[in-house]
Amino acid sequence: MRLTLEQPVRARLVTPDHPALPIRPTLRYAATDPFAVHIDFPADVSEDDRGATWTFARSLLEEGLDSAAGMGDVRMVPSGRSRTIIEFHAPHGMVTIRFGTAALRRFLQRSYSVVERGREDLGPELDHGLLSLLDGV
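Here is what the cut-offs are and how they apply
- Residues numbered from 1 in each chain as written.
- Predicted model: local features only at pLDDT ≥ 70, side-chain atom pairs only at ≥ 80, totals over all residues.
- Heavy atoms only, no water.
- Core = buried A, V, L, I, M, F, W, Y, C linked by side-chain atoms within 4.5 Å.
- Buried < 20%, exposed > 50% of the residue type's maximum accessible area, 1.4 Å probe, protein only.
- Helix = DSSP H or I, 4+ residues; strand = E, 2+ residues; numbered from the N terminus.
- Contact = heavy atoms within 4.5 Å.
- Pairing = 2+ DSSP bridges.
- Axes fitted to C-alpha atoms, helices over the stretch in contact; angles between N-to-C directions.

**Comments concerning the nonpolar core**
At step 1: Ranked by size, the top nonpolar core spans 29 residues in total, and within it Ile39, Phe56, Leu61, Ile86, Phe88, Ile97 and Phe99 carry the most contacts.
At step 2: The dominant element in this core, judged by the number of residues it contributes, is helix α2 (residues 101–114), at 6 residues.
At step 3: The residues contacting Leu61, other than those within four sequence positions of it, are Val37, Phe56, Met76, Leu104, Phe107 and Leu108.

Pasting the structure below:
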């Protein structure tokens, strides 16, 4: 079983005054953090030229592919049948990225081979810790 999944995707940085700019973020999912999805943005599209990573719930990705989802720093909304818009909100501003829905859906489906849907637990470390606590009772 693979413990980490990485999938580069094509996306577009949507700006109000310019044509959408193509970018190549990487979607990432790890068994060690089973509730989270990570999107790594390359240095050339980050404000500080060091790249940026946004992390949000896998359940938000599931929901946002079919309907508007999210109330916090990450919000998703389908845009027609083939595109999904993800907004990233930070104290210094907001950025809008347009993804192909098929690529996001493919990544989500592949993430289930790392950790099955509904099987996200807090891991063997917690189980071991709980067992050791119960042994002392």
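Next, the rest of the story.
**Observations regarding the environment of Leu3**
At step 1: Its place among the elements puts Leu3 in the segment before β1 (4–8).
At step 2: As for Leu3 and Val115, which are separated by 112 residues in sequence, their C-alpha atoms are 8.3 Å apart.
At step 3: Once you skip the residues sitting within four places of it in the chain, Leu3 turns out to touch Tyr29, Ala30, Ala31 and Val114.

**Section: the sheet that holds strand β7 (residues 74–79)**
Each strand in a sheet pairs with its neighbour through backbone hydrogen bonds, running either in the same direction (parallel) or in the opposite one (antiparallel).
At step 1: The antiparallel open sheet is built from 5 strands, whose spatial order is β3-β2-β9-β8-β7. Every interior strand has two partners, whereas the edge strands, β3 (21–23) and β7, have only one. When the angles between neighbouring strand axes are averaged without regard to direction, this sheet yields 30°.
At step 2: The sheet contact formed by β7 and strand β8 (residues 83–90) spans 6 bridges and is antiparallel. When the sheet's bridge partners are listed, Pro78 is paired in β8 with Thr84.
At step 3: Helix-sheet contacts for α2 involve β8 and β9 (93–100), and the interaxial angle to β9 is about 85°.

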